[in-house]
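A structural walkthrough
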Amino acid sequence: MLVVLDWLEEYLNDKPGLDQVIEAMDKAGVEVEGVYRPPNFDTNIVVAEVLEVKPHSDADKLKIATVSDGNNKYSIVCGAPNVAKNQHVVLARKDSVLPDGNKIEKTTIRGEVSEGMLCSPKELNLGEYHSGIMIFNEDINLGTPIRGLFNSDYTVIDIKTAANRPDLQGYKGLAIEIAAHTGVDTIMDEDSPLSIREDDDLFTIETEESVQSYSLIKLKINASKSSPTWMQRRLRLSGIKTINAVVDITNYCMLSLGQPMHAFDTNKIKDRIHVRFAQKDEKLTTLDGINRSLTVEDLVIADNSKPIGLAGVIGGEESEITEETKEILLESATFDASTVRKTAQRHTVRTDASARFERGLPTQLVIQANELACKLMVEYADAELVSHKHQLNIWPWVRHIGLRVSRFQDISSLDLKKEEIVAELKKLHFDASVFDIVKEARKHLGKSYKIGANFKKDGVEAFDCSYLVDYIYSLIGVNVGHTALGQYELGRVVEGELIPGDVLFIEGVIDKSATDHYYISDSNGNKIKRQLDSDKKVGHNGIYIGGDKVITAAEYIYSDGKWEKRASSGVLEVDVSEFLNNPGYLGARRYVDNLNDYISATVPWWRPDVNIEADLFEEVVKTIGLDKLDATLPKWNVNIDTPDNYWRRFRLIRHLLRAMGLFEVTTYPFISPRVVELFNLQDYDHLKLKNPRSKEQSFLRRSLVPQMLLSVHDNQSYRHEFGFFEIAKTFTPSDKRGELPQEIPMLTVVYTGDKALSRVKNCLDQLIKEVGGSINLSPSSDIPFLHPSRRSRLEQGELYIGDYGSIHPDINHHLKLSKDSAALEIDLNALFAIWTDPRFEPIPKYQSGYRDLTLAIPEGLSWQDLNSYLSSIKDIKSSFKDYFSKDGVKKITIHVELISKDKTLKDSDIASKINEIEQGLKRDLNIIVEH
């Protein structure tokens, strides 16, 4: 986007200067790609007048212009389509040098002599416009060198903005950012609503889901007038061709505010406008002269007979504005971003309008653009406002976000006070304040009571009890539910002293709370329906504000099992005893532990990119300056030592498993209903996607094993024995109401082959060895895809670590796996929680002694018990070597290392130690050592 400096400064009460503007853009995240300043023009480049224009004798697209600089006449061969008699133009005479270094010589073009060149803005380095020559509308003396005509008004900054910042596609939004980073104030015109007759017959919208808002204004117009010189200059410097006052004003409004506009000639439209999808094989000749075949996926503007424009992309040729146009329909709209983007891609045409619609525009821009355009049309095109119609198809919700000061300090390392953070947010026009729930609740005292009140219908003028609680907590982005019953279920029980912000509840049967569900919002703002499991009927609530006072919205009071009308109604401050002493008192609920930590921020409607608390952190840090941040890591919230330890252990696990011959894989986090059924997961509560890409991706996985086993199936033709591992997240619905699903990082190993279970057990043993702790094995009965008698649960005390075992034979059969398969699944958070970094000891100076012992194991004794016992014996190390079982007799061979720290072991020393071990095994575990 090309930004004209003096146009930008028009929105600022002080001119910060080019260097400050560029520095501010850098702080705001706006990429400056180049700066164009008026060059020091050659004195041979002058103002001239076109005396005559005639066709070239040997070229259809060339013309011969006779021009005068006041003293001499020149014959110029010119290809510009806009050259005409009596124009004042820029002439580069013979021997002049252009800003790009090219020297102008007398030359012959297709048999005609050219004694110079008529220049476009781009050739003069005054903008990107190059489709025609530069024309002066004002009267300037012929022969005047243009060197003295151009000043800082012609300074242009070429910028690149983020796709999620549509506000920066207009000068007004850019000025707000520049002001915030330079300390100057913005100059914003006050809204002046248009006073025009409404006409419901102007248009019909047939696809409201693709048109968030649509507006048409009918104006009588003088389209033969030219736009003012200052407007033409700004448009040309922005790379936009000037046509006439009507078209120029629509482009000027688009650049000023970021809202595209389009004008239709009403005399070329049959009856009313229809916003609809195109019909198959419909045709449209667009303004670029191309006849396009439309598809049913193209959103079009049409009259009663045919399309007259591609919505949000480009207008139609048949309805374009000409000098004969007497009446127009001025369009301003908010079209669905993805629909416009796909249409532009499908027809390979990208315009300034589509580039803005693709980013997603707020509906409020439509009204602002209408006001500015009508004001300019009246002033420069002799416009007369006739009628208008505006239709809003979505509700433009106000976004409130709570900023926790302590969290901001942890993340940013900046020790800012609440008032300082508020001041930084206000620079960017956020309505921010230190949150005080007592002050906020009292602000609404005396307002009307209305049962079923909500923000969309009543704003902040009327409340019922639950809406009052919902609204006040919404100011810090905390969702407490929309009904008294939902709020009762979502809150945490208050067991100690009440603090301001706690909500007190009274039971009672009343229609407005007779519901079996409530809603919460996920991190993307999507509503999630939750079923209530309470048999209570909550009829009333109020917010405790301290001092034994409660603020509530009420018209009735619950007494003796029924609701009775109270003497006064509305938002009231009552004594807490009205709740605590009521026979129907249900208790109190708490939603936030420290409300004093919050700043409430209302997001400006033009900032759709700001949605969560972290976005506010970013805005504050940017206005202060990234250079003010300390070079420290943010505080780590994962339940491990440090980020460095986390990733070190993470890498160690991956290297270990790769070294054991396993292949690392990445699988999709989505599973199908068929997989859920195949792996016996029907009883598990899976998260179902609202809009899955296909039926095969309907659910979020709770285990990595199913998708990994499918990968084993796909690869078994290449090798008969192999193993995979993956580290990724699983998704488990929360047991607590109102909480988001748990995302659990899991380490999973699957193996297929003749000794699959032993291979997996070996992986587990090596992991335990690296962890440095001990993991207990116990029978597992709740993993439906594992073999019922060949599976174990991994735990340490009461901490669940994971599971391992053979895959259920039925699943092996259904997947047509040629070999047995086994799996190991470990919760990484739990594994890291028990991780003990190794303590290194000096290597013994003396050689160890080694023996293998074969043990007859009694019934009921596990390897875990045996291993624990051997580990408790001083100065020995033992490991499993072999296993044998026959006729119910189990035998295990272990390898024993006898360590000596003070002398070289003799055979007698080794025999004595082995004898001690044998006696201990027989005495304590009833194990016989065979010889």
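Residues numbered from 1 in each chain as written. Predicted model: local features only at pLDDT ≥ 70, side-chain atom pairs only at ≥ 80, totals over all residues. Heavy atoms only, no water.

Moving on, we get to the pattern of salt bridges. Applying the stated rule across the entire model yields 47 salt bridges. Where Glu297 meets Arg346, a salt bridge forms, and the shortest distance between an N and an O atom there is 3.2 Å. Taken together, the residues Glu297 in the loop between strand E18 (291-293) and strand E19 (299-302) and Arg346 in helix H6 (residues 337-346) connect sequence positions 49 residues apart. The salt bridge involving Glu726 is made with Arg701; its shortest N-O contact spans 4.0 Å. Taken together, the positions of Glu726 in strand E41 (residues 722-732) and Arg701 in the loop between strand E40 (699-700) and helix H19 (705-715) put the pair 25 residues apart, joining distant regions of the chain. One network of salt bridges, with partners in common, ties together Arg165, Asp167, Glu177, Arg607, Asp609, Glu619 and Lys622. (Salt bridge = Lys/Arg side-chain N within 4 Å of Asp/Glu carboxyl O. Helix = DSSP H or I, 4+ residues; strand = E, 2+ residues; numbered from the N terminus.)

Hydrogen bonds along the backbone pair up the strands of a sheet, which may run parallel or antiparallel. Across the sheet, 6 strands lie side by side as E28-E35-E29-E32-E33-E34; this open sheet has antiparallel pairing. In the strand order of this sheet, the two ends are held by strand E28 (492-493) and strand E34 (562-575), each with one partner. Bridging between strand E29 (residues 503-507) and strand E32 (residues 538-546) involves 5 bridges; their strand directions are antiparallel. Paired with Ile506 across the two strands is His540, which belongs to E32. Sheet strands in contact with helix H13 (residues 465-474) are E29, E32, strand E33 (549-559) and E34, and its direction is about 45° off that of E32. (Pairing = 2+ DSSP bridges. Contact = heavy atoms within 4.5 Å. Axes fitted to C-alpha atoms, helices over the stretch in contact; angles between N-to-C directions.)

A separate point is the side chain of Thr602. Position of Thr602 relative to the elements: it lies in strand E36 (residues 598-602). Assessed through its relative accessible area of 16%, Thr602 is described here as buried. (Buried < 20%, exposed > 50% of the residue type's maximum accessible area, 1.4 Å probe, protein only.)

Before going further, it helps to spend a moment on the sheet that holds strand E23 (residues 384-392). Ordered in space as E12-E23-E14-E22-E15, the 5 strands form an open sheet in which the pairing is mixed. Two strands close off the open sheet at either side, each with one partner strand: strand E12 (197-198) and strand E15 (261-265). Against the sheet, helix H5 (residues 245-257) makes contact with E15 and strand E22 (327-335), and its axis sits at roughly 160° relative to E15, the strand it touches most.

Mean pLDDT over the protein: 87, with 94% of residues reaching 70 or higher. Averaged over each element, pLDDT in the protein is lowest for strand E30 (residues 517-521) (45) and highest for E36 (96). In this model residues 510-525 is a low-confidence stretch, pLDDT under 50, and it forms 54 contacts with partners more than four residues away in sequence or in other chains. (pLDDT = per-residue confidence, 0-100.)

Next up on the list: the environment of Ile476. Mapped onto the secondary structure, Ile476 falls in the loop between H13 and helix H14 (484-490). Each C-alpha atom of the pair Ile476 and Phe435 lies 7.8 Å from the other, and the pair is 41 residues apart in sequence. What Ile476 contacts, discounting residues up to four positions off in sequence, is Ile401, Gly402, Phe435, Leu595, Tyr598, Ile599 and Ser600.

Right, let's talk about the packing of helix H9 (residues 405-412) against helix H16 (residues 613-624) for a bit. Interaxial distance between H9 and H16 falls to 11 Å at its minimum, and their mutual angle equals 60°. In terms of orientation, H9 lies oblique with respect to H16. Judged by the twist between their axes, the crossing of H9 over H16 is right-handed. Packed against H9, whose contacting residues are Arg407, Phe408, Ile411 and Ser412, the element H16 presents Glu613, Phe617, Val620 and Val621 at the interface. In the contact of H9 with H16, the residues fall into 5 nonpolar, 1 polar and 2 charged. (Parallel < 35°, antiparallel > 145°, perpendicular 65-115°, else oblique. Left-handed = near helix turned anticlockwise from the far one by under 90°. Nonpolar A, V, L, I, M, F, W, Y, C, P; charged D, E, K, R; others polar.)

With 103 residues, the main nonpolar core has Tyr214, Ile273 and Phe335 as its most contacted residues. Here this core gets 9 residues from one element, more than from any other, and that element is H5. When neighbours within four sequence positions are excluded, Ile273 is seen to be in contact with Leu202, Phe203, Thr204, Tyr214, Leu216, Ile301, Ala302, Ile308 and Leu329. Ranked by size, the runner-up nonpolar core spans 33 residues in total, among them Phe463, Leu468, Val538 and Val571. (Core = buried A, V, L, I, M, F, W, Y, C linked by side-chain atoms within 4.5 Å.)

The next subject is the packing of helix H10 (residues 418-427) against H16. Between H10 and H16, whose axes approach to 9 Å, the crossing angle comes to 85°. In terms of axis orientation, H10 runs roughly perpendicular to H16. Of H16, the residues touching H10 (which contributes Ile421, Glu424 and Leu425) are Leu616, Glu619, Val620, Thr623 and Ile624. Residues belonging to the contact of H10 with H16 are distributed by class as follows: 5 nonpolar, 1 polar and 2 charged.

Within E41, 10 of the 11 residues are buried, leaving the element largely enclosed by the surrounding structure. Alignment of strand E37 (residues 663-664) against E41, held across 2 bridges, turns out to be parallel. Note that in E41 the partner of Phe663 across the bridge is Phe724. Bridge count for E41 against strand E42 (residues 742-752) is 11 bridges, and the pairing is antiparallel. Each bridged residue has a counterpart across the sheet, and for Ile727 the counterpart in E42 is Leu747.

Attention shifts here to unusual backbone geometry. The phi angle at Arg110 is positive, at roughly 50°, despite the residue not being glycine. In this structure, Lys816 takes a positive phi of about 55° despite not being glycine. Relative to the helices and strands, Lys816 resides in the loop between helix H21 (809-814) and strand E46 (821-827).

Let us look at helix H20 (residues 756-771). Each α-helix turn comprises 3.6 residues. Residues three or four places apart therefore point the same way. In a regular helix each residue adds 1.5 Å, so 16 residues correspond to 22 Å; H20 covers 23 Å between its end C-alpha atoms and thus fits that length. Listed in full, the buried residues belonging to H20 are Ala756, Leu757, Val760, Lys761, Cys763, Leu764, Leu767, Ile768 and Val771. With its buried residues spanning 155° around the axis, H20 presents them on a single face. (Expected span 1.5 Å × (residues − 1). Arc of directions from axis to C-beta.)

Looking at the secondary structure, you find Gly508 in the loop between E29 and E30. As for Gly508 and Ile807, which are separated by 299 residues in sequence, their C-alpha atoms are 53 Å apart.

Quick look at the pairing of E36 now. A large share of E36 lies buried, amounting to 5 of its 5 residues. Of the two faces of E36, the one lined by Tyr598, Ser600 and Thr602 and the one lined by Ile599 and Ala601 are each fully buried. As paired elements, strand E24 (residues 400-404) and E36 share 5 bridges and run antiparallel to each other. If you follow Arg404 over to E36, its bridge partner there is Tyr598. Inspection of the sheet shows strand E25 (residues 431-434) paired to E36 by 4 bridges, in the antiparallel sense. The residue bridging Val434 from the neighbouring strand is Ile599, located in E36.

We now examine the packing of aromatic side chains. Here the structure, examined in full by the defined rule, presents 22 aromatic pairs. For the ring pair Tyr214 and Phe335, a centre distance of 6.2 Å and an interplane angle of 50° mean the geometry is tilted. Here the residue Tyr214 occupies a position in strand E14 (residues 211-220), and Phe335 occupies one in strand E22, the gap between them amounting to 121 residues. Per residue, the accessibility class of Tyr214 equals that of Phe335, and both read buried. The lysine or arginine in question, Lys389, covers the ring of Phe203, its NZ or CZ lying 4.4 Å from the ring centre. Cation over ring: Arg589 sits above Tyr488, and NZ or CZ is 4.1 Å from the ring centre. (Phe/Tyr/Trp six-rings, centres within 6.5 Å; stacked < 30°, edge-to-face > 60°. Lys NZ or Arg CZ within 6 Å of the ring centre and 35° of its normal.)

Among the structural elements, Glu795 can be located in strand E44 (residues 786-796). A distance of 3.1 Å separates a polar atom in the side chain of Glu795 from a polar atom in the side chain of Ser778. In this structure the side chain of Glu795 is engaged in a polar contact, spanning 3.1 Å, whose partner is the side chain of Arg793. Excluding its chain neighbours within four sequence positions, the residues that come into contact with Glu795 are Ile775, Asn776, Ser778, Tyr800 and Ile801. (Polar contact = N/O pair within 3.5 Å; in protein donor to acceptor, adjacent residues only side chain to side chain.)

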